2 protein chains.
Amino acid sequence: MMNVLYLPELREMLAENDHQGLLEFCTALHPARTAEFMEALTIDEVWNVLRHADTQLQSEIFAYFEHPFQVEIIESRDPAEVAEMIACMSADDRVDLLSGVDEEAVTVILSLLPLEERRDFQRLSGHPEGTAGAIMTTEVARLSEDLTVRQALEELTRQAEHLETVYYIYIVDENDRLHGVVSTRQLVSSLGKSDRKLSELMEPEVIHCQVTEDQEEVLRKMADYDLLAIPVVDDTLQLVGIITHDDILDVVLEEAEEDAYRAAAVEPLEDSYLQTPIITLSWKRGVWLIILFIGALFTSMALGHFQEELNKFAWLVPFIPLVISTGGNTGNQSATLIIMALNKGDLTARDWFMVVRREILMGLILGSLLSILGYGIAFTEAPSAFAALVVPITVLAVVIAGTTVGSSLPLLFKSINLDPALMSNPFVAGIIDFLGIVIYMSVAILLLGD
Amino acid sequence: MMNVLYLPELREMLAENDHQGLLEFCTALHPARTAEFMEALTIDEVWNVLRHADTQLQSEIFAYFEHPFQVEIIESRDPAEVAEMIACMSADDRVDLLSGVDEEAVTVILSLLPLEERRDFQRLSGHPEGTAGAIMTTEVARLSEDLTVRQALEELTRQAEHLETVYYIYIVDENDRLHGVVSTRQLVSSLGKSDRKLSELMEPEVIHCQVTEDQEEVLRKMADYDLLAIPVVDDTLQLVGIITHDDILDVVLEEAEEDAYRAAAVEPLEDSYLQTPIITLSWKRGVWLIILFIGALFTSMALGHFQEELNKFAWLVPFIPLVISTGGNTGNQSATLIIMALNKGDLTARDWFMVVRREILMGLILGSLLSILGYGIAFTEAPSAFAALVVPITVLAVVIAGTTVGSSLPLLFKSINLDPALMSNPFVAGIIDFLGIVIYMSVAILLLGD
């Protein structure tokens, strides 16, 4: 899906080394769109275009390239050439970028960065993935509470170009401990009384997060309180960074994507579908397919165990897919409902008893409904009206097994601190397939005799 | 999960009609937290607490209640009592709130609102759900390009309390047509040169969306360009509203949730899991279970059609669950990958040929892998090494059918303008179950004779 609209013009300008034209190309559009138009160029061409913009603009356009493309560019250039641009990036983007770059190159690039940027890098890259520390940026507006509105705006004007966001200003004491928050909006509405001190304006109770906090919890806080940014503190309550709305939007999209892949038993992709090589994609799918295949083998072995009964009551065989899929579908529904309620914080592992009671009740309602349908069909196939009862009784039992197992497994995973999303559809379905066969054959033997 | 921490104190203050205490309770915490502490109160008590706050604060706290709770409060009070608070809400929140309220009550409440709010309501509620128009707010900062930075900040100070966000200021001509955008950040950094005109500062190319645009496209734009807010224009390019970051975060979370429910064949819930009555939940699950059950009946009928062959080659029966689940799992994987790539804009329906070629190739790789495993097992169960070939050949064919059908169906749905997410896991699995049985039996007849 590359945009090749400007490609001929760009190449012509490159051939003529047309500085004015290339500079205009870099400045005319939103950096995101400029980046889009450049993706069809080669690595060398991209850099030759970017050279014509100033460092700040270079870093803005660069930030919108796809990650693998960024890494390629960095690795192909001389570190000295790119260090200045990298120094211009925001601290969190810089860590993301360099996480993919060859280690030796990173060491050289880091040695070329100003001391402060180098320190930020070391601080940020030390935080484990998925925590607030790993997605925060250290460039945060911090002011003392003794400043007046006028002084604060002056100070902010000075700091503004180094900051990622100026929409909240955090008030800290001499030890950098978080004391309060003032929004730019409040400052702007207080311009009429510009001698007021920040201490009068500030909100002393600041919604914040810990540097070690899980990014999903941070997301919940920002969504619940409608925040544009949230300050991050360490365990001494020192302000160490902020997480802004765009970082968290990336997290939401990423997590939703990962959950969707998990629910279909695919290892999450790093690139887009078409950009992922077939061999990588086969691997990301194959691993789980093999595991599920082995799971299905157990179901087949269980069925093989009842070969004799199946020979005797051959009319039972065609109902095998019905029994299996009904159990699997019910289990999927329960597992998904519980996983989502756990993620949203509507449930905890301690609600186990209430949940299972609800699910058994729901299994009874849904199972009875499907049983009636099932009996109608079995009646026409079975040797007698009594024999036909095997199907509805099995359906009822399998549906109840589906709701019970489907809801319990995610709760169990949660209570032993594993991600409940691992117990998602294909796995729950696999387990219930096995149970379904055992239930089916047991009911048959019980009703029809051995 | 109600918070009952302050319940006794609150009830005591209510009994004593302690105005000072209740006012302090309303002002001391973030409105979101205040709302949380009030959820355990009865409707009457809630209103008796809120009465002590001013209208602005009332509306802020109220905004954080769950939607059904809000509706209950509004419907239980005299319209005159609540109209003032409702007038204070932001235009988009007001539409959301009243969408759940009894129509007669809405008519009375609307008649009590100021003319401008009433007009906003009519304008916003006219947009179909899922479009930019339905999630935008009409309260947007708009200024003329002739203003200086100083004048702009003064004007903004005047407007600020009526606006939902002041972080972008849109520049419009006399006909309200969008000409450019200036960020508060730019204004703040230009305070030193406060005689500059907005026309010099503004960015004339504004990323915007149409009022009829799908909310998912709006989300993509905001995420791609890292926007805090996006202006909404009608077809004459008149600025009619904005969509802010918190509206779009709600949309993302909502869509991710809906997709997850769909993938498990549950009609999306409006309330949390525990708050949804069992009978509603049974209905939301039952509808799809019955549809899938009827689908599975076709698979069973197909199998019933081959009763004779199954009697003759009884060793084939235990492999039925294996064949079915392998096809279903592969199909799920393909469908999910394609649905996500379509949602993200990485693919269009026109890429059909390329996608199917990739998926067939992937089916060959994955199918061959699983075939080897399958042959190993079938070898021990089948009467001869040749007969055992039925299983691996079926597995290979079913996996290729899974990748082809799983990837084609969402593309087909997309090309006839249906939501590809409808072709999600359980449906794809159901279709491939049927195909799997037909393939299995055909291969058996072909190899083993009739």
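About the thresholds
- Residues numbered from 1 in each chain as written.
- Chains lettered and ligands numbered in written order.
- Predicted model: local features only at pLDDT ≥ 70, side-chain atom pairs only at ≥ 80, totals over all residues.
- Heavy atoms only, no water.
- UniProt positions renumbered as here; feature names shortened; annotations may be inferred.
- Buried < 20%, exposed > 50% of the residue type's maximum accessible area, 1.4 Å probe, protein only.
- Helix = DSSP H or I, 4+ residues; strand = E, 2+ residues; numbered from the N terminus.
- Arc of directions from axis to C-beta.
- Contact = heavy atoms within 4.5 Å.
- Least-squares fit on C-alpha atoms with pLDDT ≥ 70 in both.
- Polar contact = N/O pair within 3.5 Å; in protein donor to acceptor, adjacent residues only side chain to side chain.
- Salt bridge = Lys/Arg side-chain N within 4 Å of Asp/Glu carboxyl O.

- Labelled according to an unreviewed UniProt entry, chain A appears under the name Magnesium transporter MgtE, originating from Blastopirellula marina DSM 3645.
- UniProt, in the comment section headed Sequence similarities (unreviewed entry), describes chain A in these words: "Belongs to the SLC41A transporter family."
- Comment text from UniProt for chain A, heading Subunit (unreviewed entry), reads "Homodimer."

1. Some details on helix α1 (residues 7-15) of chain A
Residue and element names in this part refer to chain A.
Inference 1: If you check which residues of α1 are buried, you get Leu7, Leu10, Met13 and Leu14. Down the axis, α1 shows its buried residues gathered within 130 degrees of arc, on one side only. Along α1, exposed side chains directed more than 90 degrees from the buried face belong to Pro8, Glu12 and Ala15.
Inference 2: For α1, the secondary structure elements touched by its buried residues are α2 (19-28), α3 (31-38) and α4 (43-50).
Inference 3: Within two residues after α1, asparagine 17 carries a phi angle of roughly 50 degrees, on the positive side.

2. Some thoughts on the environment of Thr276(A)
Inference 1: One can find Thr276(A) in the loop between α16 (245-263) and α17 (278-305).
Inference 2: We classify Thr276(A) as buried; its relative accessible area is 4%.
Inference 3: Not counting residues within four places of it along the chain, the set of residues in contact with Thr276(A) comprises Leu269(A), Asp271(A), Leu281(A) and Arg358(B).

3. Here we look at the relation of the copies chain A and chain B
Inference 1: Mapping chain A onto chain B calls for a rotation angle of 180 degrees and an axial translation of 0.0 Å; the resulting RMSD is 0.2 Å. Taken together, the turn and the small shift mark the pair as related by a two-fold rotation axis. For chain A, the smallest separation between a C-alpha atom and the rotation axis is recorded for Ala256(A), amounting to 3.0 Å.
Inference 2: Taken together, the interface assignments show that 100% of the residues at the interface of chain A recur at the interface of chain B, consistent with an identical surface on both copies.

4. Re the side chain of Ser371(B)
All names here are of chain B.
Inference 1: Among the secondary structure elements, serine 371 is positioned in helix α20 (residues 352-381).
Inference 2: Judged by its relative accessible area of 9%, serine 371 falls in the buried class.
Inference 3: Here glycine 367 takes part through its backbone oxygen, which lies 2.7 Å from a polar atom of the side chain of serine 371.
Inference 4: Excluding anything up to four places from it in sequence, serine 371 contacts Pro392, Val395 and Leu396.

5. Notes on the pattern of salt bridges
Side-chain pairing between opposite charges can occur once the charged atoms of the two side chains come close.
Residue and element names in this part refer to chain B.
Inference 1: Throughout the structure, instances matching the rule amount to 20 salt bridges over all chains.
Inference 2: Here glutamate 45 makes a salt bridge to arginine 11, at a shortest N to O gap of 2.7 Å. Residue glutamate 45 is found in helix α4 (residues 43-50), and its partner arginine 11 is found in helix α1 (residues 7-15); the two are separated by 34 residues along the sequence.
Inference 3: When its relative accessible area of 34% is taken as the criterion, arginine 11 is described as partly exposed.
Inference 4: With its nearest N and O atoms 3.6 Å apart, the salt bridge here joins arginine 77 to glutamate 81.

6. Observations regarding the interface of chain A and chain B
Inference 1: Listed as interface residues are 115 residues of chain A and, on the opposing side, 117 residues of chain B.
Inference 2: The residue Glu359(B) makes a salt bridge to Arg285(A) at a minimum N-O spacing of 3.2 Å.
Inference 3: Our count for the chain A to chain B interface comes out at 24 residue pairs in polar contact (both at pLDDT 80 or more).

7. Focus on the UniProt feature "transmembrane region" (unreviewed entry) in chain A
All names here are of chain A.
Inference 1: As recorded in UniProt, the sites labelled "transmembrane region" (unreviewed entry) are residues 287-307, 313-339, 360-379, 385-413 and 425-448.
Inference 2: With 95% helix and 0% strand, the stretch residues 287-307 has end C-alpha atoms that lie 31 Å from each other.
Inference 3: With 100% helix and 0% strand, the stretch residues 360-379 has end C-alpha atoms that lie 27 Å from each other.

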